[in-house]
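# Descriptive analysis of the structure
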Amino acid sequence: MTPAQRFYKYFNNEYRVSNDTSYPQSKNEFVKEFITHTPEIIDELETNLIKHEVHEFYIKVKNLKYLCEYSEEFNRYWLLMRSLSGGLKRLLEEPTKEHATDVYVYYYSNYGGRRKLRNESWFENHRWEFLDRLSAISNDEELNDFILEKIDVLTSYFQFYKKELYYFSLELKRLIE
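To start, this report covers the structure provided alongside it. Residue positions are counted from 1 within each chain, in the order its sequence is given. Totals for whole chains, interfaces and linings use every residue, but because this is a predicted model, local features are given only for residues with pLDDT of at least 70 and side-chain atom pairs only at 80 or more, for both listing and counting. The side-chain values count all of the structure's non-hydrogen atoms but skip hydrogen atoms and water molecules.

Let's shift gears to the pattern of salt bridges. Just to be clear on terms, a salt bridge is a Lys or Arg side-chain nitrogen sitting within 4 Å of an Asp or Glu carboxyl oxygen. In this structure the tally under the stated criterion is five salt bridges. Among the ionic pairs, Glu44 bridges to Lys60, the shortest N-O distance being 3.5 Å. Placement of Glu44 in helix H2 (residues 29-50) and of Lys60 in helix H3 (residues 54-61) is noted, with a sequence separation of 16 residues between them. Relative accessibility under 20% of the residue-type maximum defines a buried residue, over 50% an exposed one, and the middle range a partly exposed one, all with a 1.4 Å probe and only protein chains included. Its relative accessible area of 28% is what places Lys60 among the partly exposed residues. The partner of Arg133 in a salt bridge is Glu129, and the shortest N-O contact between them spans 3.7 Å. Pair noted here: Arg133 and Glu129 are both in helix H6 (residues 122-135), with a separation of four residues, about one helical turn. Counted as one network, the salt bridges with shared partners bring together Glu129, Arg133, Glu149 and Lys150. By definition, any uninterrupted DSSP run of H or I lasting at least four residues is a helix, any uninterrupted run of E lasting at least two residues is a strand, and each is numbered from the N terminus.

If you trace the backbone, Leu45 turns up in helix H2. Between the C-alpha atoms of Leu45 and Phe158, which are 113 residues apart in sequence, the distance is 8.6 Å. For Leu45, the residues in contact, after removing those within four places along its chain, are Phe57, Lys60, Val61, Leu64 and Phe158. Contacts are residue-level and defined by heavy atoms, with any inter-residue pair within 4.5 Å sufficient.

This part covers helix H7 (residues 140-176). Over its 37 residues, H7 extends 53 Å from the first C-alpha to the last, a length consistent with the 54 Å expected when each residue adds 1.5 Å. Here a polar contact is taken to be a pair of N or O atoms separated by no more than 3.5 Å, where protein atoms must pair a possible hydrogen donor with a possible acceptor and residues adjacent in sequence count only if both atoms sit in side chains. Here H7 starts with a cap whose side-chain oxygen sits 3.1 Å from the backbone nitrogen of Glu141, and that cap is Asn139. Every helix has an expected span of 1.5 Å times one less than the residues it contains.

Below, the discussion takes up the environment of Thr96. You can see Thr96 is positioned in the loop between helix H4 (72-93) and helix H5 (97-111). Separated by 43 residues in the primary sequence, Thr96 and Asn139 place their C-alpha atoms 7.8 Å from one another. Apart from the residues lying within four places of it in its own chain, the contact partners of Thr96 are Asp140 and Leu143. Here the side chain of Thr96 touches His99 through a polar contact of 3.2 Å, landing on its backbone nitrogen.

Pasting the structure below:
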């Protein structure tokens, strides 16, 4: 079963949509609403990234978490977007070398020291790559370059997510027709 089929099946069951054709107005209502409103959410998120409004992006992307349940790709890119935007949000509160050190210490203390794990997960690799690069920053200009680079990375993650969501929506449209 594809991610769109799982989504379709779950929400049809959740909202007790029957196969009875005598009530066509209620059939697939949530799915239709999802297809209609999701592009608006994506446009808002894209605008946030274009304007470098990372804090707003971080808050709004949380609303898409439920899609992680339906696709490994949604899960992967959502985790990457959420974590990277969270780190950038903290850095942008005060984009100075001194504050970057505080951010590094915050993450280091929350997630423990760097340990070499036999099969370190892909997510841990991304976290530590971010923190290793952050710890090597020596001035505000390097920090600014780092932030801009990471916003570009965040944008590329978002573009992959957006593409997956587009194909997901297309399949949902086929399922409700």
